[in-house]
Amino acid sequence: FGAHDGVANNTLNIRWTDKEDATSWTSTATNSAGDKLLDTGSQILSAIRTEQEILVFTDESVYSMQFIGGNEVFAFHLLSEDAGQRGPHSAAVYQNKTYWMGTNNFYIHDGRVRILPCDVRSHVFDNLIDSQRDKCFAGVNREFNEIWWFYPTTAGTEIDKYVVYDIEENVWHIGDLARTAWEDRGEVWNAIHAFGATGALWNHETGVDDDTGGMSWHLEMGDMDIEDGENFAFIDKIIPDFENLTGN
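Small disclaimer: the values here were computed from a predicted structure and weren't measured.

A closer look at the overall build of the chain
Alright, step 1. Secondary structure summary: the chain contains one helix and 17 strands in total.
Alright, step 2. Buried positions account for 40% of the 248 residues belonging to the chain.
Alright, step 3. Pairs at least 24 residues apart make up 35% of the contacts formed inside the chain by residues separated by at least 6 positions.
Alright, step 4. Surface exposure of the chain reaches about 15,800 Å², of which carbon and sulfur atoms provide 46%.

Describing the sheet that holds strand E13 (residues 161-166)
Two modes of strand pairing occur in sheets, parallel and antiparallel, and in both the strands are linked by backbone hydrogen bonds.
Alright, step 1. Spatially, E11-E12-E13-E14 is the arrangement adopted by the four strands of the open sheet, whose pairing is antiparallel. The strands lining the two open edges of the sheet, one partner per strand, are strand E11 (137-141) and strand E14 (171-176). Strand-to-strand, the axes of this sheet are offset by a mean angle of 20°, without reference to chain direction.
Alright, step 2. Where E11 and strand E12 (residues 146-151) come together, five bridges link them in antiparallel fashion.

Here's the deal with the pattern of salt bridges
Alright, step 1. A complete count under the given rule lists seven salt bridges for this structure.
Alright, step 2. Two residues, Arg86 and Asp130, come together in a salt bridge whose shortest N-O distance is 2.6 Å. One end of the pair, Arg86, is in the loop between strand E6 (73-80) and strand E7 (91-94); the other, Asp130, is in the loop between helix H1 (121-125) and E11, and 44 residues separate them in sequence.
Alright, step 3. Its relative accessible area of 41% is what places Asp130 among the partly exposed residues.

Parameters at a glance
- Residues numbered from 1 in each chain as written.
- Predicted model: local features only at pLDDT ≥ 70, side-chain atom pairs only at ≥ 80, totals over all residues.
- Heavy atoms only, no water.
- Helix = DSSP H or I, 4+ residues; strand = E, 2+ residues; numbered from the N terminus.
- Buried < 20%, exposed > 50% of the residue type's maximum accessible area, 1.4 Å probe, protein only.
- Contact = heavy atoms within 4.5 Å.
- Areas by Shrake-Rupley, 256 points an atom, 1.4 Å probe, with all protein chains shown as cover.
- Pairing = 2+ DSSP bridges.
- Axes fitted to C-alpha atoms, helices over the stretch in contact; angles between N-to-C directions.
- Salt bridge = Lys/Arg side-chain N within 4 Å of Asp/Glu carboxyl O.

Structure representation (structure tokens):
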């Protein structure tokens, strides 16, 4: 991806070798080597493998790359010409759907490319510092069905903010957190591992702060839109959606 085109490195060129010889890059009538020059964008930022295809992201567009065999080897389809990535690590795959941060919107590919409606879009993109866009990255929190994005704001040049999309509840939330790398829990680790800006490695979702005790926390209430129109609504009580707040 972003390969040499025979003359020089071309940031929109994709090349593959002969399937029988990983050192043979030149296409001939008797091998399966080949290349494809994409039409839109100025550079390929990343390529992500899904169950049925490879999604190739440029700074402007999204392509589908599918293995078809034969003389053509791969088929390429332009999925969207205006939904490119924000940075090379700003996409994540979860449950065979791909989520990514674009230039001014969040996107999802679930068979087609579409904008992911976001209540906090202006808060994120109005404050994100574009000169540091390559630092933006995405992570998955499978335990809570969440996609996280970390990004730097105009207050500094390092990552200091995050925005989270809760897939099941279809809600967003934001916060302050400096992380530079992220790995979800899996077969190797039983907790999310993430690096901080100072190089410290953090175990997420373990309930302690720097292995010294419980993490500080608070609850914050906001306005709730009960019903549109001129009717008044009276609430007797609210039942929060969490358990054992006091530990009892």
